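Listed below, chain by chain, are the residues.
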Amino acid sequence: MIIDAETLLWLALSALVLALWALYAVRTAPPDEESAVPSDPDVVIEADHVTMRFLLERDAPLSLKERVVRTLRHERRQEWFTALSAVSFTVRRGEVVGIVGTNGSGKSTLLRIICGTYAPSEGTVRADRRQITLLALGAGFDHELSGRENVYLNGALCGYSRAFLDAHYEEIVAFAGLEGFMEEKVRHYSFAIASAGQVSGMLILDEVLSVGDRFFREKSEKRIRELISGGTAVLIVSHSTTVLRRMCSRVIWIEKGELRMDGTPDAVCLAYEKRK
């Protein structure tokens, strides 16, 4: 096969772009797990002046070739967006901490940094990520699969073995209250699956307690209290101030990337509800 000069040029430029991206990824990789663990054994999350910026591009190119051409011609329009700005807080073992804020305030970005998906632009987050269980609404589920299939799929994503899921399958189904429906397509099983096991360090719930009927929420909240009594810290992200007041010992309000308030659930939720 004969490759013309233009194709060779684009292949060379593509390889250069990939190499630069790989170098950037290595330089911005999160610290190793040992150095990321808090020095105080009672602290499970320690965020210190965490700032996260994203480089946004207007009228983004649709192909690598177009991207390279625009770069060479200095035609790319880029700007920095600050999703989080110098956010600091700690979560101690056995605490139930809520996070509230309007859409686009950086709550999801903060969770991704805590879990190690993102590396912050500035600041540090110290947490033993091997001890963190993240449950987000709909995460890890295929809506076209049956309930049984989703249990095993999401259970695997939560780190549980096939043998463990086989042993606890009936317990999971009973907790979700879906006996007789497991062969149908379903949406939300995450909390039932994770609750079958033990969460030793940190449980993060992203809008999970906002779904299901009243009886399912009551069972979920009861299970959270059991985890707390065993020393597990819980971080609850929710738009529902009712849930945060009922479940949390402390609430953090993040607004437009800034930590607006950190205090008792009643005080923070009242201020959030009265925001302009």
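Being a predicted model, the structure only gives us computed values, none of them experimental.

Novice: Quick rundown of the environment of Ser88? Include the residues and the values.
Specialist: If you trace the backbone, Ser88 turns up in strand S2 (residues 77–92). Taking relative accessible area as the criterion, Ser88 reaches 29% and is therefore assigned partly exposed. The spatial distance from the C-alpha of Ser88 to the C-alpha of Glu46 is 7.7 Å, given a sequence separation of 42 residues. From its side chain, Ser88 meets the backbone nitrogen of His49 in a polar contact 2.6 Å long.

Novice: Report on the side chain of Glu255, specifying residues and quantitative values.
Specialist: Along the chain, the position of Glu255 falls in strand S8 (residues 250–255). Within the buried core, Glu255 has no salt-bridge partner, and the shortest N-O distance to an opposite charge, that of Lys256, equals 4.7 Å. A distance of 2.9 Å separates the side chain of Glu255 from the side chain of Trp253, its partner in a polar contact.

Novice: Explain the pattern of salt bridges to me, using residue names and the numbers behind them.
Specialist: Taken as a whole and assessed by the stated rule, the structure comprises seven salt bridges. Taking the shortest distance from any N to any O, the salt bridge between Arg53 and Glu122 comes out at 3.0 Å. Taken together, the positions of Arg53 in strand S1 (residues 43–58) and Glu122 in strand S4 (residues 122–127) put the pair 69 residues apart, joining distant regions of the chain. Note on Arg53: relative accessible area 32%, which makes it partly exposed. A salt bridge links Arg250 to Glu95, with the shortest nitrogen-to-oxygen separation between them at 3.2 Å. Highlighted residues: Arg250 in strand S8 and Glu95 in the loop between S2 and strand S3 (96–100), separated in sequence by 155 residues. By relative accessible area, which is 17% here, Glu95 ends up buried. A network of salt bridges, in which partner residues are shared, links Glu95, Arg250 and Asp262.

Novice: So what's going on with the pairing of strand S9 (residues 258–263)? Which residues, and what values?
Specialist: Sheet topology places S8 next to S9; five bridges connect them, and they run antiparallel. Opposite Trp253, over in S9, you have Met261 as the bridge partner. Linkage of S8 to S9, two consecutive antiparallel strands, is achieved through a turn of two residues, within which Lys256 is found at a positive phi near 55 degrees.

Novice: Break down the nonpolar core for me, citing the residues and quoting the values.
Specialist: Formed by 25 residues in total, the largest nonpolar core has its most connected members in Ile45, Leu84, Phe89, Val91, Ile114, Met202 and Leu235. When residues of this core are traced back to their parent elements, those giving at least two are S1, S2, S3, helix H3 (107–115), S4, strand S6 (202–206), strand S7 (233–237) and S8. Once residues within four sequence positions are removed from consideration, Leu84 is found in contact with Val50, Thr51, Met52, Ser105, Gly106, Thr109, Leu110, Ile113, Ile254 and Gly257. Membership of the second largest hydrophobic core comes to 16 residues, among which are Leu205, Ile236, Trp253 and Tyr272.

Novice: Let's hear about the confidence of the model for the protein chain: which residues, and what values?
Specialist: Chain-level statistics for the protein chain give a pLDDT mean of 76 and a share of 66% at 70 or above. Per-element confidence in the protein chain ranges from a low mean pLDDT of 49 for helix H6 (residues 190–195) to a high of 95 for S8. Every residue in residues 25–35 is under pLDDT 50, and counting partners more than four places away or in other chains gives eight contacts. A low-confidence stretch, residues 187–191 (pLDDT under 50), is modelled with 25 contacts involving residues beyond four sequence positions or located in other chains.

Novice: Quick rundown of H3? Include the residues and the values.
Specialist: Within the sequence span of H3, burial applies to Lys107, Thr109, Leu110, Leu111, Ile113 and Ile114. Just past H3, the residue Gly116 takes up positive phi, approximately 95 degrees.

Novice: Provide a residue-level description of the sheet that holds S2, including the pertinent values.
Specialist: With antiparallel pairing, three strands are arranged side by side in an open sheet as S2-S1-S4. Two strands close off the open sheet at either side, each with one partner strand: S2 and S4. Strand-to-strand, the axes of this sheet are offset by a mean angle of 25 degrees, without reference to chain direction. Packing against the sheet, H3 makes contact with S1, S2 and S4, and its axis sits at approximately 65 degrees to S2.

Novice: Tell me what's going on with the packing of aromatic side chains, and back it up with residues and numbers.
Specialist: What the rule picks out here adds up to four aromatic pairs. Seen in terms of ring centroids, Tyr160 and Phe164 are 4.6 Å apart; in terms of plane orientation they differ by 15 degrees. Their pairing is stacked. Owing to a relative accessible area of 23%, Phe164 belongs among the partly exposed residues under this scheme. An angle of 85 degrees between the planes, with centres 5.6 Å apart, marks the rings of Trp253 and Tyr272 as edge-to-face. Highlighted residues: Trp253 in strand S8 and Tyr272 in helix H9 (residues 265–273), separated in sequence by 19 residues.

Calculation criteria
- Along each chain, residues carry numbers from 1 onward, in the same order as the chain's sequence is written.
- Owing to the predicted nature of the model, reporting of local features is limited to residues with pLDDT of at least 70; listing and counting of side-chain atom pairs is limited to 80 or more, with chain, interface and lining totals taken over all residues.
- As a convention, hydrogens and water are excluded, and side-chain values are obtained from all of the structure's heavy atoms.
- Secondary structure counts use DSSP, requiring at least four H or I residues in a row for a helix and at least two E residues in a row for a strand, with both numbered from the N terminus.
- Remark: exposure states derive from per-residue accessible area (1.4 Å probe, protein chains only) relative to the maximum for the residue type, with buried under 20%, exposed over 50%, and partly exposed in between.
- The term polar contact refers here to a pair of N or O atoms within 3.5 Å; inside protein, the definition further demands a hydrogen-donor-capable atom paired with an acceptor-capable atom, and it admits residues adjacent in sequence only when both atoms are side-chain atoms.
- A residue counts as positive if it is Lys or Arg and as negative if it is Asp or Glu; His and the chain ends are not included.
- Each reported salt bridge corresponds to a side-chain nitrogen of Lys or Arg within 4 Å of a carboxyl oxygen of Asp or Glu.
- Strand pairing is assigned whenever DSSP detects at least two bridges linking the two strands.
- Residues enter a nonpolar core if they are buried and are Ala, Val, Leu, Ile, Met, Phe, Trp, Tyr or Cys, with the set joined through side-chain atoms within 4.5 Å.
- Contacts between residues were defined by any pair of non-hydrogen atoms, one from each residue, lying within 4.5 Å.
- A residue's pLDDT is the predictor's confidence in that residue, given on a scale from 0 to 100.
- Between N-to-C directions, angles span 0 to 180 degrees; the directions come from axes that are lines fitted to C-alpha atoms, helices contributing only their stretch in contact.
- Stacked, edge-to-face and tilted are the three classes for Phe, Tyr and Trp ring pairs, Trp counted by its six-membered ring, which pair at centre distances within 6.5 Å; planes under 30 degrees apart are stacked, over 60 edge-to-face, the rest tilted.

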